[in-house]
Amino acid sequence: MRSVIVVGAGISGLAAAWQLRDRADVTVLEGHPKVGGKLRTGTIAGITVDEGAESLMALRPEAVELAAAVGLGDALCDPAKAPTTIWTPGGLRPLPPGHVMGIPTDPAALAGAGLLSPEGIARAAAEERLPAAPLTEDCSVGHYLTARFGRETVDRLVEPLLGGVYAGRADRLSLRAAMPRIAAVAEQGGPLLPALRRIRAAGAPRSAPVAVQGVVGGTGRFPLAVAESCGARILTGTTARSLHRLRGGRWRVSAMTGDGPLTMEADGVVLAVPAYEAAQLLRPHSPAAEEELSAIPHASTAVITMAFSRSRSAFLPAGNGFLVPPVDGHLLKAASFLSNKWPWLHASAPDTFVLRASLGRIGEESLLARPDRHLIRAAIAELHRAVGPMGEPLAARVTRWDRGLPQYSVGHQARVARIREATSKLPGLAVCGAAYEGVGVAACVATARTAAHDLLTHP
Ligand SMILES: Cc1cc2nc3c(=O)[nH]c(=O)nc-3n(C[C@H](O)[C@H](O)[C@H](O)COP(=O)(O)OP(=O)(O)OC[C@H]3O[C@@H](n4cnc5c(N)ncnc54)[C@H](O)[C@@H]3O)c2cc1C
């Protein structure tokens, strides 16, 4: 494999290019004027903050390892310690410690938490007395966990976390793909609670004392550093339009740039683009891959970043932010108090309080059709109800992530296996990205490693 074209300069494509460095002559094509995809910074009131992903999973190694390898090791930082908080009708309430994706492993600790009714707490605690046959087929998170813990636990504790990570809903997301740890326990049979308690007692790996880390200056610095270190030729503003397989197994990529069409050839191609883009590019080569990739739904979301003057605000909230159960009918799905959460941000702008509110779960597209100013007004009104009278922001900006998060529907893992089977019949081509084995940055980097490895070992 002497030459490779990577399509897409999100973190997946850049990680693939980095992985291929010194092994192939790599060109990365990126349709947007900037690299980074869902990792990018922007400015609000003159302060640089993340507009997309703001943290990297640290419990698995791929993202933090790559960040260190490209020179950001010293910039990796921990968020301020604070419990995950849920906006309930009674105000903001912390999830008691010991939960796994919202599932309370110690229902007794829920008793005084003000998150569930006494009936809901009793129903959740009953899980360990319910018989459980081993899970043999994928099902929705909502279906499985409602049967085990009752609807209230799902509505008030699990849904807010699924909204935060996937912009997804419990009744649509696959247990196996969206909650693999829970599914693995369920596949053994028997109640979940004792097994989850054992897992928690075993603790996090010593190398990863925190679940997530950020980057001083913004996680949006991460793809820029990978782009600089990977040695690849990176062409931004260059959208791949079609792929052609040439005699001898090489690939030709036809792209559109600001200056007109561009055609390039290479021994291999990595498609590191969202599933619906990969589907279009693969249509002439693999109808099976096209059909499966097109069937992956996507949720659109919006991030509303706001800056408040510390001296002029009557009130500013404590904590790192909150998550919102959809059952209460609020527009917001989460809020992140960036200036509290990231000490570097507070240090760089001590007079300003920056937060971001996010909205838009799967099925809420009509909400996002509203103009920016409506979304900002609605977000401010809900923030006031949730945390108190913060007053008006100095500046507010909406960042829209149209079809930004793939949804892992029931049967997703089997779908991904069919996609991989179909693409394996196209020598010299590999796919990677958020559509496959995890939407988080670390999982994306892992798929990029595999894609690069596959190209180098099975050209
Ligand atoms: C608002 C938001 C917040 C998030 N927060 C977190 C978080 O805190 N932590 C976390 O781990 N994950 C988070 N995620 C998820 C994570 O950021 C993404 O899943 C991940 O960054 C996706 O990376 P990717 O490279 O696979 O795709 P993308 O980032 O989508 O990159 C794909 C790139 O391909 C380009 N492209 C598309 N089509 C073409 C074409 N035809 N030709 C050329 N280029 C093309 C696009 O312009 C884009 O740059 C968040 C996601 C969103 C939307």
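The structure presented is a predicted model; accordingly, all values stated were derived computationally and were not measured. (Residues numbered from 1 in each chain as written. Predicted model: local features only at pLDDT ≥ 70, side-chain atom pairs only at ≥ 80, totals over all residues. Heavy atoms only, no water.)

K.L.:
How should I be thinking about the state of the cysteines in this particular structure?
P.N.:
In a disulfide, the sulfur atoms of two cysteines are held together by a covalent bond. Per the counting criterion, the structure on display carries 0 disulfides. Of all cysteine sulfurs in the structure, the one in Cys444 sits closest to Cys77, which takes part in no disulfide; the separation is 20 Å. Looking at Cys444, it has no disulfide partner, and the nearest cysteine sulfur is the one in Cys432, 8.3 Å off. (Disulfide = S-S within 2.5 Å.)

K.L.:
Any chance you could explain the packing of aromatic side chains here in plain terms?
P.N.:
Here the distance between the centres and the angle between the planes together describe a pair of aromatic rings. Counted under the stated rule, the structure contains 4 aromatic pairs. For the pair Phe337 and Phe353, a centre-to-centre distance of 6.1 Å together with 50 degrees between the ring planes defines the contact as tilted. Remark: Phe353 occurs in strand 20 (residues 352–359) and Phe337 occurs in the loop between strand 19 (332–336) and helix 13 (338–341); sequence separation between them is 16 residues. Each member of the pair, Phe337 together with Phe353, is buried. Clustering of aromatic rings is evident, with ring pairs tying together Trp87, Phe322, Phe337 and Phe353. It is Arg21 that lies over the ring of Trp18; its NZ or CZ is 3.5 Å from the centre. Lying over the aromatic face of Tyr276, Arg403 brings its terminal NZ or CZ to 3.6 Å of the ring centre. (Phe/Tyr/Trp six-rings, centres within 6.5 Å; stacked < 30°, edge-to-face > 60°. Helix = DSSP H or I, 4+ residues; strand = E, 2+ residues; numbered from the N terminus. Buried < 20%, exposed > 50% of the residue type's maximum accessible area, 1.4 Å probe, protein only. Lys NZ or Arg CZ within 6 Å of the ring centre and 35° of its normal.)

K.L.:
Looking at this structure, how should I read the environment of Gly237?
P.N.:
Among the secondary structure elements, Gly237 is positioned in the loop between strand 12 (233–235) and strand 13 (238–245). Separated by 21 residues in the primary sequence, Gly237 and Gly258 place their C-alpha atoms 6.6 Å from one another. Each residue touching Gly237, except ones within four places of it in the same chain, is listed here: Glu30, Gly31, His32, Pro33, Met256, Thr257 and Gly258. (Contact = heavy atoms within 4.5 Å.)

K.L.:
Mind showing me how you'd approach the layout of surface pockets here?
P.N.:
Of the pockets and cavities examined, the second largest pocket occupies roughly 230 Å³. In terms of lining residues, the second largest pocket is bounded by 15 residues, among which Thr423, Ser424, Leu429, Ala430 and Asp454 are the most central. Listing elements by their share of the lining of the second largest pocket, those giving two or more residues are helix 17 (412–423), strand 22 (429–431) and helix 18 (441–457). If one sorts the elements of the lining of the second largest pocket by residue count, helix 18 sits on top with 5 residues. Considered class by class, the residues forming the lining of the second largest pocket number 7 nonpolar, 6 polar and 2 charged. (1 Å grid on protein atoms, 1.4 Å probe; cavity = no way out; pocket = protein on both sides within 12 Å on 5 of 7 lines; lining within 4 Å. Points joined across faces, edges and corners; volume = space filled by probe spheres on them. Nonpolar A, V, L, I, M, F, W, Y, C, P; charged D, E, K, R; others polar.)

K.L.:
Help me out: how do you make sense of the domain arrangement of the protein in this one?
P.N.:
How big an interface is tends to be stated in terms of accessible area lost as the parts join. Segmentation of the protein into domains returns domain 1 (3–39 + 60–77 + 218–296 + 408–457), domain 2 (97–202) and domain 3 (298–406). Here the C-alpha centroids of domain 1 and domain 2 sit 34 Å apart. Taken together, the contact between domain 1 and domain 2 spans 7 residues of the former and 10 residues of the latter. In total, about 640 Å² of surface goes out of reach between domain 1 and domain 2, with carbon and sulfur atoms giving 65% of it. On the domain 1 side of the contact with domain 2, Tyr408, Val410 and Gln413 bury the most area, a combined 72% of that side's loss. Summed over the shared surface of domain 1 and domain 2, the result is 0 salt bridges. The interface formed by domain 1 and domain 2 holds 3 residue pairs in polar contact (both at pLDDT 80 or more) in total. Partitioning the side of domain 1 that touches domain 2 into residue classes produces 3 nonpolar, 4 polar and no charged. (Domains from an automatic or database assignment. Buried area = accessible area lost by both parts, 1.4 Å probe. Salt bridge = Lys/Arg side-chain N within 4 Å of Asp/Glu carboxyl O. Polar contact = N/O pair within 3.5 Å; in protein donor to acceptor, adjacent residues only side chain to side chain.)

K.L.:
Looking at this structure, how should I read the site of the ligand?
P.N.:
Around the ligand, a shell composed of 32 residues is seen, among which Ser12, Glu30, Lys38, Ser55 and Val439 lie nearest. Here an oxygen atom of the ligand sits 2.7 Å away from a polar atom, N or O, in the side chain of Ser12. One of the backbone N or O atoms of Val441 is found 2.8 Å from an oxygen atom in the ligand. Look at the ligand: alone it shows 1000 Å² of surface, and the protein chains cover 88% of it. Elements represented by at least two residues in the shell around the ligand include exactly helix 1 (11–20), strand 13, strand 21 (395–406) and helix 18. Broken down by element, the shell around the ligand gets its largest block of residues, 3 residues, from strand 13. Here the shell around the ligand is composed, by residue class, of 16 nonpolar, 12 polar and 4 charged. Viewed by domain, the shell around the ligand spans two of them, domain 1 (3–39 + 60–77 + 218–296 + 408–457) and domain 3 (298–406), each represented by three or more residues. (Near = heavy atom within 4 Å. Areas by Shrake-Rupley, 256 points an atom, 1.4 Å probe, with all protein chains shown as cover.)

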